[in-house]
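The residues making up each chain are set out below.
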Amino acid sequence: MPLPNENVDTDQIIPARFLKATSREGFGENLFRDWRFSPSGDPVESFVLNQTQFSGEVLVAGKNFGCGSSREHAAWAIHDYGFKVVISSFFADIFRNNALNNGVLPIQVSAEFLENLFKAIKLDNAQKVTVDLEKQELRYNDQAYQFEINPYKKDCLLNGFDDIDYLINKKEKIQDFEG
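Residues numbered from 1 in each chain as written. Predicted model: local features only at pLDDT ≥ 70, side-chain atom pairs only at ≥ 80, totals over all residues. Heavy atoms only, no water.

*Asks:* Quick one: what's the story with the packing of helix H3 (residues 73-81) against helix H4 (residues 93-101), residue by residue and with numbers?
*Replies:* Taken N-terminus to C-terminus, the directions of H3 and H4 make an angle of 50°; their axes are 8 Å apart at the nearest point. One element, H3, and the other, H4, form an angle in the oblique class. For the crossing formed where H3 meets H4, the hand is right-handed. Contact residues: Ala 74, Ala 75 and Ile 78 in H3; Phe 95, Asn 98 and Ala 99 in H4. Of the residues in the contact of H3 with H4, the class split is five nonpolar, one polar and no charged. (Axes fitted to C-alpha atoms, helices over the stretch in contact; angles between N-to-C directions. Helix = DSSP H or I, 4+ residues; strand = E, 2+ residues; numbered from the N terminus. Parallel < 35°, antiparallel > 145°, perpendicular 65-115°, else oblique. Left-handed = near helix turned anticlockwise from the far one by under 90°. Contact = heavy atoms within 4.5 Å. Nonpolar A, V, L, I, M, F, W, Y, C, P; charged D, E, K, R; others polar.)

Structure follows, in structure tokens:
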């Protein structure tokens, strides 16, 4: 799903008025709320999330995605909506960490690769983008991009762990070490 907007901040991802809940569920319905819906609540047909020709679990975003405040709710909203991956040429550090901590893989690519990916999506709105986390590889058409990820966060994403789950999974090794 292409969102070429640059400098998308966390208040645009999930407006502050929707931050009253403390559980992670339900935030997806308000993802990009002020862009997706008019003030009267009608869908804005021109916004990409309202266009039926686009779908999938990969959000391709413009440069500087997730800037602004450090609200973790932005990652919750992206995850709850169904995105598993966000691709951009630059992420705010706090957003990147919040995404990784909440099951969303932020893949930072070069500006040139991102520009070419947007062009490919424009030519074919059914453009398939695949991500192989194990190989740390992003692919579309005949293009491939090797991306970086912290090995610990990679392990957590591959196994569906948050930080606590990771420690629980290592319980025997921790006990052996202490023992």
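*Asks:* Break down the sheet that holds strand S4 (residues 105-108) for me, citing the residues and quoting the values.
*Replies:* Backbone hydrogen bonds hold the strands of a sheet together, and the pairing may be parallel or antiparallel. The four strands are arranged S1-S2-S3-S4 in an open sheet whose pairing can be described as parallel. Of all strands in the sheet, those with a lone pairing partner are strand S1 (2-3) and S4, marking the two edges. Bridge count for strand S3 (residues 85-88) against S4 is four bridges, and the pairing is parallel. Bridge pairing links Val 85 to Leu 105 in S4. Packing against the sheet, helix H5 (residues 111-123) makes contact with S1, strand S2 (58-61) and S3, and its axis sits at approximately 115° to S2. (Pairing = 2+ DSSP bridges.)

*Asks:* Give me the environment of Asn 141: which residues, what numbers.
*Replies:* Relative to the helices and strands, Asn 141 is located in the loop between strand S6 (137-140) and strand S7 (143-146). Of the residues examined, Asn 141 reaches a relative accessible area of 56% and is grouped as exposed. Asn 141 sits 102 residues away from Pro 39 along the chain, and the two C-alpha atoms are 39 Å apart. Side chain to side chain, Asn 141 and Gln 127 meet in a polar contact 3.1 Å long. (Buried < 20%, exposed > 50% of the residue type's maximum accessible area, 1.4 Å probe, protein only. Polar contact = N/O pair within 3.5 Å; in protein donor to acceptor, adjacent residues only side chain to side chain.)

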